[in-house]
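Chain by chain, the residues:
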Amino acid sequence: MKQDNSILSFLNNNETRAIAFQVITLLIIAFVFYSGISNLIFNIEAREIHTGFAFLSNRAGFDINESMIAYTPEHSNLRVFYVGLINTLVVAVVGIIFATIIGFIIGIARLSNNWLISKLAAGYIELFRNIPILIQILIWYNMALLTLPSPRGSFNFFDSIFINKRGIYVPEPVIETGFVWVLIAVVLGIALTFLMKRHFKQKHSKTGVYTHTIGYSIGLIFGLPLVVFFLLGSPLHFDYPALTGFNFKGGRTFSPEFLALAVALSVYTATYIAEAIRSGIEAVDKGQKEAAAALGLTQTQSLKLVVLPQALRVAIPPTINQYLNLTKNSSLATAIGYPELMSAFGGTVLNQVGQAVEILGMTMAVYLVISLFISLLLNIVNKKMSIKGQ
Amino acid sequence: MAVYEQQELRKPPISQVGIVRWLRVNLFSSRVNIGLTLAALYMLYIIIPPLLNWTIFDANFNFGEFSIFGFEFGEVMATNTNCGRSAACWPFIYEKFDMFIYGFYPRDLVWRVDSVFAMTAMLFVIVRLVRNRKGSAKILLTTFVVFPIVSFYLIAGGVFGLEEVKTHQWGGLTLTLVIASVGILVSFPIGILLALGRQSNLRVISFFSTIYIEFIRAVPLITILFMASFVLPLFFTGGVDFDKLLRALIAITLFQAAYFAEVVRGGLQAIPTGQYEAADAIGLNYVQKNALIVLPQALKISIPNLVGSSISLFKDTTLVLIIGLMDMLAMVNMTANDINWLGRETEGFVFVTMTMWIFLYSMSRYSKKLEVRFSTDHKN
């Protein structure tokens, strides 16, 4: 074979080419970054925009009507960041809980052998999944403002929860000293439950005697803290909202913005969770159920030990992904002004301070961290749920 | 010998045939099901009649006078006051229809937008006609390159003696469709490059592609839109006067590219290594290998997911409202602020929701159909 000995032969070497391509890419990226950032610095100086994070300790100067932690306009911009972050987490957690419940119900209903129920579930999914979430948030918000009654005519649930135009009023737990022992009892109860389950599982595999543990579990997780609670003389009471004059006093208030956002996020995300649950259950082979029946497992045992573990393996990863989507979608609160991270910090503070790079950077970083956390969770779940081979 | 005569066939019991059987099996098969059916019927009874009353039976459909073959119908169009507040006032939508569709696009130039709509409809016909014919790829490719360019210049104007229409005048459904189509068309090639980059053996390229994709997918679109509207102009010298629509388009394109990249990567991963090895064995270089062997297969299997991702993009176009573009959703408040039609947000929301829903529902149906057509696993 003829050897190519020309000076340029190294150009045809794959490794050389690979290095060359990568160096060129690096150079291009470096150039784009360099020119972009130098323009950025130039423009920022030309417009006399401040740089750096000193603004975080400045006085915020605006009020936030809804905060889990103490907040007044005298507090700093950093405090606004925390208020927003906590509000984001609150609406995300509430949304996730309700989306999961609704999604689970709709997903099961979709597979019901009752024609009407199954069609209603399908209708729910097709209706709410094909309306952009922002429209849904705006519609729920407008509906809340239009249809909810004034404080005097509030919807009243057991004299403790009130819903009206100004929001939803719920009793607020007031923690007294000693309550920490109750929390310790809860943790202890959960730990003991695990130990007890392990013990009975070992007993089951050794002797074949099956013990129902549900009673013990309830006793340990709920009973133990309750006993501690009453022994310490109930170190917790509720502050109930009550109508005084034209408005409610006491309790904790969630604004109509929060209501609209939470409802829209749960209703929308539930459609995706429902589809995940449905496809999970459908993915379980029919033979599995038949095999379970052939082994003599009861209907409940078959569901608990055979069908659900396999269905959840398919359904849980997309569901967790939807949790992330829900959290990201909560940033749309900007449109109705619920003071979560994007709206309070990325919106109001940005308008006042004008340091878009720093503020949006911090906001994005938060979502990045949440997303990384959820990916981590997903990896753990996937590892735990993957089929164990020999 | 006994003679057997055929007896007349007895009819099955009434409860086992026809509608009665259907009802028994599907609605009243067990005690639980009876309860569920009744509960569901009660729920429908609570929800449906008021909804129908509001939208149809109690609603005002008085669109004004019109004549068919010289016969006069109707009366003077209803106004905000004689509509009342208890039911829908559709004359409002009738009067503001142009606003919802074209925004502030000059009314005498609206024919240009209409012709783009007509061309889009024709595009579907062309795709149907040339499908599965010889040379269809070339025709389709040309159409898909020519069509967006022609459409863009028709809407924007400024060439061939067409009067220029500034982007801040674009609005309504037109703007929604412009954003969605530009977003899809531009981000698609970028997405393919990113996917190839992420799968590449070249460490640097795959590192940066991965970082880009994962970063974009981790943050909400609204933060990227804000970045584009506040920070992007600062990255350019003299880019002080950056078109608002262009900023939104850049943000949406960069955002969507990451999602398309992940879809295409899914397709790439489904291609057996044998295909890559065969391409190497017959001496194709990287570009030939991907353009001729890998991508055609990978893209084909990712088509349903690409459509799915485009649906998400279509939903996301509503977010441009937050950075102040006048899309269809923004028209709800805009039209309800008209002094003659104050407080008609609900009708606007219903109209916009229905329009978006029809688009999104038909797209999702289409993607389901594609999924079935391209499905290669043999489920019964």
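Residues numbered from 1 in each chain as written. Chains lettered and ligands numbered in written order. Predicted model: local features only at pLDDT ≥ 70, side-chain atom pairs only at ≥ 80, totals over all residues. Heavy atoms only, no water.

(A) Spotlight on the overall build of chain B. Of regular secondary structure, chain B possesses 14 helices and two strands. Since a compact globule built from 380 residues should have a radius of gyration of about 21 Å, the 28 Å found for chain B marks it as more spread out than a globular shape. Relative to its full complement of 380 residues, chain B shows a buried share of 42%. Considering only contacts within chain B whose residues lie at least 6 apart along the sequence, 69% involve residues at least 24 apart. Side chains of chain B give 30 positive and 25 negative charges; the mean places of these two sets differ by 13 Å. (Helix = DSSP H or I, 4+ residues; strand = E, 2+ residues; numbered from the N terminus. Rg over C-alpha atoms; globule rule 2.2 N^0.38 Å. Buried < 20%, exposed > 50% of the residue type's maximum accessible area, 1.4 Å probe, protein only. Contact = heavy atoms within 4.5 Å. Lys, Arg positive; Asp, Glu negative; His and termini not counted. Charge placed at Lys NZ, Arg CZ, Asp CG, Glu CD.)

(B) A look at the overall build of chain A. Counting its regular elements, chain A contains eleven helices and eight strands. With the C-alpha coordinates of chain A rotated into their principal frame, the extents come out at 80 × 75 × 50 Å. Burial analysis of chain A (390 residues in total) assigns 40% to the buried set. Sequence-distant contacts in chain A: of pairs separated by 6 or more residues, those separated by 24 or more amount to 67%. As displayed, chain A has an accessible area near 22300 Å², and 68% of this comes from carbon and sulfur atoms. (Areas by Shrake-Rupley, 256 points an atom, 1.4 Å probe, with all protein chains shown as cover.)

(C) Structural detail: the interface of chain B and chain A. Listed by partner, the interface residues are 54 residues for chain B and 51 residues for chain A. Where chain B abuts chain A, roughly 4600 Å² becomes buried across the two surfaces, and 74% of that area is made up of carbon and sulfur atoms. Counting across the interface, chain B meets chain A through one salt bridge. A salt bridge links A:Glu126 to B:Lys368, with the shortest nitrogen-to-oxygen separation between them at 4.0 Å. For the pair chain B and chain A, the number of links is 13 residue pairs in polar contact (both at pLDDT 80 or more). Listed by contribution, the elements that provide at least two residues to the side of chain B that touches chain A are helix 1 (18–26), helix 2 (31–57), helix 8 (203–218), helix 9 (221–231) and helix 14 (345–374) of chain B. (Buried area = accessible area lost by both parts, 1.4 Å probe. Salt bridge = Lys/Arg side-chain N within 4 Å of Asp/Glu carboxyl O. Polar contact = N/O pair within 3.5 Å; in protein donor to acceptor, adjacent residues only side chain to side chain.)

(D) Region of interest: the domain arrangement of chain B. All names here are of chain B. Here chain B is partitioned into domain 1 (98–165) and domain 2 (172–374). Of note, the centres of domain 1 and domain 2, computed from C-alpha atoms alone, are 20 Å apart. Each partner contributes to the interface: domain 1 provides eleven residues, whereas domain 2 provides 16 residues. Looking only at domain 1, the three residues that lose the most surface to domain 2 are Met99, Phe100 and Ile101, adding up to 52% of its buried area. For the interface between domain 1 and domain 2, the tally reads zero salt bridges. Run the count over domain 1 and domain 2 and you get three residue pairs in polar contact (both at pLDDT 80 or more). Those elements that provide at least two residues to the side of domain 1 that touches domain 2 are helix 4 (90–102), helix 5 (110–130) and helix 6 (136–156). Tallied by class, residues from the side of domain 1 that touches domain 2 come to nine nonpolar, one polar and one charged. (Domains from an automatic or database assignment. Nonpolar A, V, L, I, M, F, W, Y, C, P; charged D, E, K, R; others polar.)

(E) Examining the packing of aromatic side chains more closely. If you walk through the whole model with that rule in mind, you get 21 aromatic pairs over all chains. Taking the centre distance of 5.0 Å and the plane angle of 70° together, the rings of A:Phe81 and A:Phe345 count as edge-to-face. Residue A:Phe81 is found in helix 2 (residues 77–110), and its partner A:Phe345 is found in helix 10 (residues 341–353); the two are separated by 264 residues along the sequence. The interplanar angle of 5° and the centroid separation of 4.6 Å between the aromatic rings of B:Trp357 and B:Tyr361 together place this pair among those described as stacked. In this pair, B:Trp357 and B:Tyr361 are both assigned in helix 14, four residues apart and thus about one turn of the helix distant. Residue B:Trp357 is classed as partly exposed on the basis of its relative accessible area, which comes to 24%. (Phe/Tyr/Trp six-rings, centres within 6.5 Å; stacked < 30°, edge-to-face > 60°.)

(F) Layout of the nonpolar core. Counting residues in hydrophobic clusters, the biggest one holds 149 residues, and the most contacted among them are A:Phe345, B:Tyr105 and B:Trp170. When residues in this core are grouped by element, the largest group, 13 residues, is from helix 10 (residues 244–269) of chain B. Ignoring any residue separated from it by four or fewer positions in sequence, one finds A:Phe345 in contact with A:Phe55, A:Leu56, A:Asn77, A:Val80, A:Phe81, A:Glu340, A:Leu350, A:Ile359, A:Met362 and A:Thr363. Core analysis: the second largest hydrophobic core is formed by 13 residues, A:Tyr124, A:Phe128, A:Ala274 and B:Ala40 among them. (Core = buried A, V, L, I, M, F, W, Y, C linked by side-chain atoms within 4.5 Å.)

(G) The pattern of salt bridges, seen in detail. Residues and elements named next belong to chain A. Enumeration over the complete set of coordinates arrives at twelve salt bridges over all chains. In this structure, Glu282 and Arg278 form a salt bridge, with 3.5 Å as the shortest nitrogen-oxygen distance. Remark: Arg278 and Glu282 occur in helix 7 (residues 256–283); sequence separation between them is four residues, near one turn of the helix. The exposure class of Arg278 is buried, given its relative accessible area of 18%.

(H) View of the sheet that holds strand 2 (residues 161–164) of chain A. Residue and element names in this part refer to chain A. Spatial strand order, 1-2-3-8: four strands in an open sheet with antiparallel pairing. Among the strands making up the open sheet, the edge pair consists of strand 1 (155–157) and strand 8 (252–254). Within this sheet the neighbouring strands show an average axis-to-axis angle of 15°, counted without direction. Relative to strand 3 (residues 167–170), strand 2 runs antiparallel, the two sharing three bridges. Bridged to Ile163 within strand 3 is Ile168. (Pairing = 2+ DSSP bridges. Axes fitted to C-alpha atoms, helices over the stretch in contact; angles between N-to-C directions.)

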